[in-house]
Amino acid sequence: MTHRISALISVCGVLTGLLLLTAAVRDYLSGASAVWIAAGALILLVTSCTLARDVRRLRTGAAS
């Protein structure tokens, strides 16, 4: 059950990362610094890796 909750939290993190990245792109198009795009992309990458780890953990736990 704990692994499922962790995967659900990771999905929420990926969605939040996507929202942050889209907001950074919109701000960049209106004149903000490109550093925000890099930060948003990095956050999205980290949360995606965490989600992949949690999904792998769920799959191996179900097979055992």
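The following refers to the structure shown. Residue positions are given per chain, counting from 1 as you read along its sequence in written order. For this predicted model, a pLDDT threshold of at least 70 governs which residues receive local features, and a threshold of 80 or more governs which side-chain atom pairs are given and counted, while totals over whole chains, interfaces and linings are taken from all residues. The basis for every side-chain value is the complete set of non-hydrogen atoms in the structure, without hydrogens or water.

1. Focus on the pattern of salt bridges
Note on definitions: salt bridges are taken to be side-chain nitrogens of Lys or Arg within 4 Å of carboxyl oxygens of Asp or Glu. All chains considered together, the criterion is met by two salt bridges. Put simply, R53 and D54 hold a salt bridge, and the shortest N to O gap is 3.6 Å. Burial classes: relative accessible area under 20% of the type maximum marks a residue as buried, over 50% as exposed, and values in between as partly exposed (1.4 Å probe, protein chains only). Here D54 falls in the buried class, since its relative accessible area comes to 1%. Notably, a salt bridge pairs D54 with R57, separated by 3.8 Å at the nearest N-O pair. Placement of the pair is D54 and R57 together in helix α2 (residues 35-63), with a separation of three residues, close to one helical turn. On the accessibility criterion, R57 (32% relative accessible area) is partly exposed. Secondary structure elements are taken from DSSP: a helix is a run of H or I of four residues or more, a strand is a run of E of two residues or more, and numbering for both begins at the N terminus.

2. What about a nonpolar patch on the surface?
Without a salt bridge and with relative accessible area above 30%, a residue can belong to a patch; like charges are then joined within 9 Å and nonpolar side chains (Val, Leu, Ile, Met, Phe, Trp, Tyr) within 5 Å. With residues, only the protein chains shown are counted as cover, and all accessible areas are computed by Shrake-Rupley using a 1.4 Å probe. Where nonpolar side chains cluster on the molecular surface, the patch consists of M1, I5 and I9 and spans about 360 Å² of accessible area. Summarising the element assignment, I5 is placed in helix α1 (residues 2-29).

3. Digging into α1
An expected span of 1.5 Å times one less than the residue number is assigned to each helix. With 28 residues, α1 extends 41 Å from end C-alpha to end C-alpha; this agrees with the ideal 40 Å at 1.5 Å per step. By the burial criterion, the buried members of α1 are A7, S10, V14, G17, L21 and A24. Note on α1: the residue one or two positions beyond its end, G31, has a positive phi of about 115°.

So yeah, pure geometry; function would need other evidence.
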